[in-house]
Amino acid sequence: MTDFIVSKYNYWIYVLLIMIGFYGMMAKNNLMKKLIGMNIFQWSIILFYISIGSKKGGSVPVVDPSLHPAIRALDYVNPLPHVLMLTAIVVGVATTGIALTLLILIYRKYGTLEEDEILEALKK
Amino acid sequence: MTDSVQPLIAVLAPMIGAALILMTGNKRPNLREFWTLLASVVQFMAVYGMIPQITQGQTLRFTLVPIGKALALELRVDAFGMIFALLASFLWILVSVYSIGYMRNLKEHAQTRFYFCFAMALSGAAGVALSGNLLTLYMFYEILTISTFPLVAHKETPEALRAGRKYLVYLLTGAGFVLFSIAGTYYLTGSLDFVAGGFVSGRGSGEILRIVFAAFIIGFGTKAAIMPLHEWLPSAMVAPTPVSALLHAVAVVKAGVFCCLRVIFYVYGPKTLNDLNLWIILATVVSFTVIVANLYALTQDNLKRRLAFSTVNNLAVIILGASLITFDSVRGALLHLPFHGFMKITLFMCAGSIYVATKKELISEMDGIGRKMPLTMAAFTVAAAGLVGIPPVCGFLSKWFLSLGALQSGEILFLFVFLVSALLDAAYFFPIIFNAFFKTREGNPGRPVREAPFLVSAPLAVTAFLSVLFFAFPDAMLRFYTMGDLVARSLFGGR
Amino acid sequence: MMLHFPALLVVVPLIMSFLIFACGLFERRICFPLTLVTLAACLLFAGGSFWTVLSTGQPVHYHLGAWAPPWGIEYVVDNLNGLVLVALAIVALLAAIYAKTMVEREIPVAKHAPFYALYVLQATGLFGMTVTGDMFNLYVLLEIASFSAYALIGMGEGAAPFAAFRYMIFGTLGACAYLLGVGYLYIITGSLNMADLQQILTPLYQSQVLSVGFAFLLVGTGVKMAYFPVHTWLPDSYTLAPSSVSVLLAPLFTKVGAYVLIRILFTVFDPSFSTTLLPATQVLGWIAVAGILFSSIMALAQSDLKRMLCYLIVTEIGYIGIGVASGNRLGLIGSIFHILNDMFMMAGLFMAAGVIQAHFRTRKTHELTGLHRKMPVTSAVLVIAGLSVIGVPPACGFFSKWYLLLGTIQAGQWFFMGALLLGSLLNAILFFRIFERSYFEARPDDAPHLGKEPGTTFERAAMSELVPMVLTAAFIILLGLFSGYIVEYSIAYAVPKGM
C-alpha cells in the first residue's frame, strides 16, 4: 500500500493540486480567487505531463552530436511532454490575460469582485 | 409507368400563383384575384389532361429529387390520386369565385395572405393526391397543415387564434405519429412506394404491423377528424366560410381521409388487413364516429358547426366503407369521397351566402329564410337530400354501393350503422329546410333580405346542379365512376 | 499549391489576424475588407481540399513541416470533416458580411481593429480544430477558439464580461479535462496522432487508464459542445454577446465540438469500444434525452428570443447526441448531416434575432407583433429556419431527423425515438408561437414599443444584413433538396466501415 502511494507520488501531488484548483474555481466567491484556482488547475495538469516524461537517472534531453547514433533513450528525459507543455503554458498565460482583462471590466462596472454581490446587482 | 411533367404542373401551378399573389399584394386586387383564378384553371387543366392516360390504366410519374437508397421525392399519378386531385382542383375554381365575392362583400382584412395561403394549400392538396410514396405524401401533408394554419386563424380574434393553436397541436402531433409509422415502414420493408394491394405483408411480425397501422391511423385520422381526435374541426369553423368550405369540407379533411385510404389500400392492402384482422377493428372504431358525430350534429344550433359534425360523420363513412374491404364498399367509399365533397361544399357555401346576406349564423334564427333566398335554400335542400341518400342526388349512389358492400362483408351490423347514420342525417337536415320554407319569423322584419350577390350564389348553384348531374351520369366530366372502378379492380384483381 | 490548402486553412487566418490588428491601428476601415478577404480565401482552401477528397476518393494528408507522422503533426481532410470545413467557411463568411453594420452599431470605434482580429482568430481556431489530425494540436486550437470566444463575448453589453468570465472558468475546466484525457492516452501509447492512436489502442481496450482517459475526453468535449448537463455556460454568454459575435459562435462553436466528439468516438477509438465494451453510447444517449426534454421546456419558458434560441442550440446538440448514441450507420449519418444543417439553421435564426434586436428594438417574443409588416424578409427567414428546426420537408432539418429516426428504430431505442419526436413537437409549439405573434395580432397596436422612446423611427435593415440571411435560408432549402446526393457521395463514406 505504501509502495503504491510512494512510488506514484507525482500522481498524488497532481491530484491534490487539481482538487485545490477545482475547489478554488467552484467554491470561492471572489472572482480573483476563482481565477487563481483555475490557474492552479491548469498548472497541475502541466506538472502531471512533465512528471510522466521524467525517468530515473535520465538527463537533460540534449543529444551530443558526437554520440550519434548510439543513443539510449533511457539516458534522456522524454522531451515531448516538455514541448507540449510549453504550448500549454502559453495557452494558460493567454487565458489568464483575458481573464484579468475581463476582471478589470467587471470591477469597473460593479465595483466589486465578489460573485454574490455582482449577482445581486444584476438582479436589479 | 410513363414519365410526365403534368403532375409537376398540377402541383407547381398553385405555388407559382401564390408567389405572384404575394408580389401583387393589396395594391392591385383585381390582378391578384386574376392570379388565383388563373392558377386554379391551370391546375385543373393539368389534372384533367391526365384523365385519358389514367383511364387506360397508365401511371404517370415525375421524380422531384432522389433522397437515398430506393427513396425519392416523387409524384406518381394513379386513378386513386386522380379522384382527389380532380375534386380539389375543380372545386378550387368554384371556391375562388365564391371567395372573391365573399371577401369583397364583407371587406375582410389580410386578403393577400388569404389568397396566398389558399393557393399554397391547394398545391399541398395536389401534392398529397399525386405523391408516389409515403415520404412525398408526408412532405405535402405538412405543407398543407402549415399553409392552412393562417387560414384557420384568419380572423385574428382570440377565439380564432385559439382555434388555430388547437388545429396546429392536433395536426402536428398527428404528424409525429405518421413520421413514426413511415420510419417504421421504411425500416421493415426498405421501401415507401405505394403498391396496389399493399407491400408490408410478411415484412414484420403481426404485432409490429398492427402497431404501425395504429400509428398511421391515429396520425392521419387526426386530419380525417376521427373521434376522439376530431375536436379541432368544429373549433376551426371560426374561419371565414370559403376556408371552411374548401379546406374543411373538401381539401384538408379529405386529404386526411385520402391518406388513410392510401395506407389501407396501398401500404397494407385488403389481404394484409384481413390476415391481421385489422379491418374489423378499424371498422368498429370508425362506426362509433359515424353514429356519435351525427348525434352531436343534432345538438348544434350554429349552422356551420352542425355541418362540421356532418362532415366528421361522412368522413368516417368513407373510412368505414374502405375498411370493410369488399368490392362494392370500396367503390362506394371512392365515390363518396368526391360526391360528399360536392354536396358538402354546396352546404357550406349556402351557409356563407346566408351570412353575407343576413349576418345570421344560428339555425334557430333562419326561419322563413327560404322564401327570401330561394336559390340558396333550394341548393341546400338538394345537397342535404343527397347526403341523406335520397335520389336523384349523387349521394344516393355512393350510399347504395356502401350498403351493398356492408352486406358483402358479412357483418350486418355495419349495414345498420349506415342506415342509422342516414336516419340521423335526415333528423338534423330536414328541420333546417322545413323551418326555412314553411315557418315565418316573428319580430321586426329588419332590413330586406335578398339573395346574396351573384359571385356568391352562382358557385353554389353550380355544385348543387352537379350533385344532381352526377346521379344520372356519375362519370360525367370528371370520370369519378371510372376512376373508382379502376381502383377497386386494381385492389381486388378485377371482376 | 492545392497541396498546401489544409495548412493554409489555419495559417492564413492566423497571420491575417495579427495583420488586421496591425493595419487597424492605422486605418480602421481596412479591417472589414481584410476580414472578408481572409474568410473568402479560407472558403477557397476548404472547398479545394474537399474537392480533392471527393474526386480522388482518398483523404488528403498534410504533414506540417514535412515531418512524417506520428512524430510530426498531420492535417487531414476526409469525408467527415471536409463537408464540415466547407460549411464552416461559408457560415463564417456570411456571418462576417452580416457583422459589418452590427459592429458599427455595437462595438466602440476604437475596438474595431481588435474585434476583427479576434474574429479571424476565432475562425482560425474553428478551422484548425476541424482539420487537425493530432490530439494535442486539437487542444491548442480548441483553446485558441475558446479564448477568442471569451474575449469576443466580453465585448458585449451589460453583464457580458461577467458571463464571459463564468464561461471561461467552465470552459477551461472542459479544455483541461480534454488535456488530461490526451495525457492519459499519451502515457499508455506514446502517440498523439489520431490515425496512429487508432492502431495502437486496439489491443489496449481493456485498460483502466484508457477508460479514464476516454471519460476525460468525453467530459471535455461535452463542455465545449454544450452537452447537457455541462451546457450551463451557453445561455448567458451567447445571449449577452453582441449580435455580430453570436452569429459567429452560435452556429459554429458547438457544432465543431460535436464533430470532435464524433472523431474521438469513431476514428480514434473503434466504434465497438463505445458501443459494446463501454456503455458509453448508452449513457450519452440517455443524457441526450434528458437534455432535449429539459432544454425544449426551458426554451418554451423564455421570453427573450435570443435566450430561447440558445436553449434551442442545446436541443439540437442533444439530437446529434442521440444519433451518436444509436451507434449504427444511419444514426451516425443523421448526426453528421445534422451538424451541417444546424450550422445553417442556427446562423439564420441568430441573424434574424440580431436584425430584430437592432431594427425592431426588442428581443422579447411578446413584443414581436406586426413583425412581418415591417420586416417581411426577416420574418420569412425565421419561418424557413423555424420549419427546418421543426423538421418539415423539404427543409434540411427534416432529412437529418429522418436518418436519426431510422437510426433509433434500427437500434431499438424507443425512448430515443420518442425524445426526437417529442422534441420536434415542442420546437413546433415554440416557433408557431413566434409566427403567430409576428404574422397575426397586428394592426392597431403594431409594435407599440417602437414609439416609446421619443425620436425612434424604424430604420430598414441594410443589404449587408439581409443578404446573408436570405442566403442561409436558401442553403437550408438546398441542403434539404440535395440531401440525397450529399449523403450518398460524401457522408456515407465518413462512416467507419463495419457499422
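Above this text is the structure in question.
Residues numbered from 1 in each chain as written. Chains lettered and ligands numbered in written order. Predicted model: local features only at pLDDT ≥ 70, side-chain atom pairs only at ≥ 80, totals over all residues. Heavy atoms only, no water.

### Examining the overall build of chain B
Quick reminder of the rule: Secondary structure counts use DSSP, requiring at least four H or I residues in a row for a helix and at least two E residues in a row for a strand, with both numbered from the N terminus. Burial classes: relative accessible area under 20% of the type maximum marks a residue as buried, over 50% as exposed, and values in between as partly exposed (1.4 Å probe, protein chains only). The Shrake-Rupley method, run with a 1.4 Å probe, gives the accessible areas here. Residue values count only the displayed protein chains as cover. Charge assignment in this entry is limited to Lys and Arg as positive and Asp and Glu as negative, and neither His nor the chain termini are counted. Note on charges: their place is set at NZ of Lys, CZ of Arg, CG of Asp or CD of Glu.
Assigned secondary structure in chain B consists of 19 helices and 3 strands. Along the three orthogonal principal directions, the C-alpha set of chain B runs to about 70 × 55 × 40 Å. In chain B, buried positions account for 65% of the 495 residues. Here chain B displays about 16,000 Å² of accessible surface, and carbon together with sulfur accounts for 67% of that area. In chain B, 36 positive and 23 negative side-chain charges are present, and the distance between their average locations comes to 5 Å.

### A look at the sheet that holds strand S3 (residues 71–77) of chain B
Residue and element names in this part refer to chain B. Applicable threshold: Any two strands with at least two DSSP-identified bridges between them are counted as paired.
The 3 strands are arranged S1-S2-S3 in an open sheet whose pairing can be described as mixed. Either end of the sheet is taken by a strand with one partner, and the two such strands are strand S1 (2–3) and S3. Across 7 bridges, strand S2 (residues 60–68) lies against S3 in antiparallel orientation. Within S3, the position partnered with arginine 61 by the bridge is arginine 76.

### Brief notes about the interface of chain B and chain C
The cut-off we apply is this: Here a residue-residue contact requires only that any non-hydrogen atoms of the pair lie within 4.5 Å. Summed over both partners, buried area is the accessible surface (1.4 Å probe) that two parts give up on being assembled. In what follows, salt bridge is the name for a side-chain nitrogen of Lys or Arg lying within 4 Å of a carboxyl oxygen of Asp or Glu. Polar contacts, as used here, are pairs of N or O atoms within 3.5 Å; protein pairs need one atom able to donate a hydrogen and one able to accept it. Residues neighboring in sequence count only if both atoms are side-chain atoms.
Every contact between the two is made by 33 residues of chain B and, on the other side, 30 residues of chain C. Regarding the contact of chain B and chain C, the summed buried area is about 2,800 Å², with carbon and sulfur atoms giving 78% of it. Along the contact surface separating chain B from chain C lie 1 salt bridge. For the salt bridge of arginine 165 of chain B with glutamate 436 of chain C, the shortest nitrogen-to-oxygen distance reads 3.0 Å. Put simply, chain B and chain C have 2 residue pairs in polar contact (both at pLDDT 80 or more) between them. Elements with a minimum of two residues in the side of chain B that touches chain C: S2, S3, helix H6 (134–152) and helix H7 (158–189) of chain B.

### Here's the deal with helix H13 (residues 305–326) of chain C
Residues and elements named next belong to chain C. The criterion, for reference: Expected span of a helix, by definition, is 1.5 Å for each gap between consecutive residues, and there is one gap fewer than residues.
Taking 1.5 Å of rise per residue, 22 residues should cover 32 Å, and H13 covers 32 Å from first to last C-alpha, within 8% of that figure. A large share of H13 lies buried, amounting to 21 of its 22 residues. Where H13 begins, the side chain of aspartate 304 points an oxygen toward the backbone nitrogen of lysine 306, at a separation of 2.9 Å. Looking one or two places after H13, you find glycine 327, whose phi comes out positive at around 65°.

### Here's the deal with the interface of chain A and chain C
Facing 38 residues of chain A, the contacting portion of chain C comprises 28 residues. Roughly 2,900 Å² of surface becomes buried between chain A and chain C when both sides are summed, with 83% attributable to carbon and sulfur atoms. Of all residues in chain A, the largest losses of buried area upon contact with chain C belong to Tyr49, Ile98 and Leu102 of chain A, amounting jointly to 18% of the total for that side. Here chain A and chain C share 1 salt bridge between them. Between arginine 166 of chain C and glutamate 115 of chain A there is a salt bridge, with its nearest N and O atoms 3.2 Å apart.

### Concerning the arrangement of the chains
Out of 2 pairs of chains that touch, the pair holding the most contacts is chains A and C. Looking at chain A next to chain B, you find no contact at all, with the nearest C-alpha pair sitting 34 Å apart.

### Points about the pairing of S3 of chain B
The element S3 of chain B is largely enclosed, with a buried count of 7 among its 7 residues. Residues Leu71, Leu73, Leu75 and Val77 of chain B of S3 of chain B are buried on one face, and the alternating residues Ala72, Glu74 and Arg76 of chain B, pointing to the opposite face, are buried as well.

### Re helix H14 (residues 329–360) of chain C
All names here are of chain C. Put simply, the test is: Each residue is assigned a bend, namely the angle between axes fitted to the seven residues that terminate at it and the seven residues that start at it.
With 32 residues, H14 extends 45 Å from end C-alpha to end C-alpha; this agrees with the ideal 46 Å at 1.5 Å per step. The largest bend in H14 amounts to roughly 25° and is located at asparagine 341. Of the residues trailing H14, arginine 361 is marked for its positive phi of about 60°.

### Some thoughts on unusual backbone geometry
Residues and elements named next belong to chain C. Put simply, phenylalanine 228 and proline 229 share a cis peptide bond, and its omega is -5°. Locating proline 229 in the fold gives a position in the loop between helix H8 (208–225) and helix H9 (233–240). Residue proline 393 is joined to proline 394 through a cis peptide bond whose omega torsion reads 0°. Position of proline 394 relative to the elements: it lies in the loop between helix H16 (376–390) and helix H17 (396–411).

### Thoughts on the nonpolar core
Put simply, the test is: Here, the term nonpolar core denotes a set of buried Ala, Val, Leu, Ile, Met, Phe, Trp, Tyr and Cys residues that are joined through side-chain atoms within 4.5 Å.
Ranked by internal contacts, the top residues of the largest apolar core, which has 428 residues, are Leu246 and Tyr268 of chain B together with Phe269 and Trp402 of chain C. Looking at this core element by element, the count peaks at 22 residues for helix H10 (residues 241–275) of chain B. Leaving out residues up to four positions away in the same chain, phenylalanine 269 of chain C has contacts with Leu185, Leu201, Tyr205, Leu210, Phe214, Leu217 and Ile264 of chain C.

### Points about the pattern of salt bridges
All told, the structure shown has 23 salt bridges over all chains when counted by the stated rule. Residue aspartate 304 of chain C is joined to arginine 363 of chain C by a salt bridge in which the shortest nitrogen-to-oxygen separation is 3.0 Å. A residue pair is termed long-range when its members are at least 10 positions apart, and aspartate 304 of chain C in the loop between helix H12 (280–301) and H13 and arginine 363 of chain C in the loop between H14 and helix H15 (371–374) qualify at 59 residues. Across the pair, exposure class does not vary: aspartate 304 of chain C and arginine 363 of chain C are buried alike. Connected via shared salt-bridge partners are Asp328, Arg331, Asp485 and Arg489 of chain B.

### Quick word on the packing of helix H1 (residues 6–24) of chain B against helix H2 (residues 29–48) of chain B
All names here are of chain B. Put simply, the test is: Note on method: axes are straight lines fitted to C-alpha atoms, helices fitted across the in-contact stretch only, with angles between N-to-C directions ranging 0 to 180 degrees. In what follows, roughly perpendicular refers to angles from 65 to 115 degrees, roughly parallel to angles under 35, roughly antiparallel to angles over 145, and oblique to any angle outside these ranges. For this classification, the nonpolar set comprises Ala, Val, Leu, Ile, Met, Phe, Trp, Tyr, Cys and Pro, the charged set comprises Asp, Glu, Lys and Arg, and every other residue, Gly included, is treated as polar.
Running from N to C, H1 and H2 point in directions that differ by 180°, and their axes come no closer than 8 Å. For the element pair H1 / H2, the angle class is roughly antiparallel. Counted together, Gln6, Ile9, Ala10, Ala13, Pro14, Gly17, Leu20, Ile21 and Thr24 of H1 and Leu31, Arg32, Trp35, Thr36, Ala39, Val42, Gln43, Ala46 and Val47 of H2 form the full contact between these two elements. Residues that form the contact of H1 with H2 fall into these classes: 12 nonpolar, 5 polar and 1 charged.

### Regarding the side chain of serine 388 of chain C
All names here are of chain C. With respect to the element layout, serine 388 can be found in helix H16. Here serine 388 falls in the buried class, since its relative accessible area comes to 1%. One polar contact links the side chain of serine 388 to the main-chain amide nitrogen of glycine 397, over a distance of 3.0 Å. Sequence-distant contacts of serine 388, defined by excluding residues within four places in its chain, comprise Met345, Ala395, Cys396, Gly397, Phe398 and Ile476.

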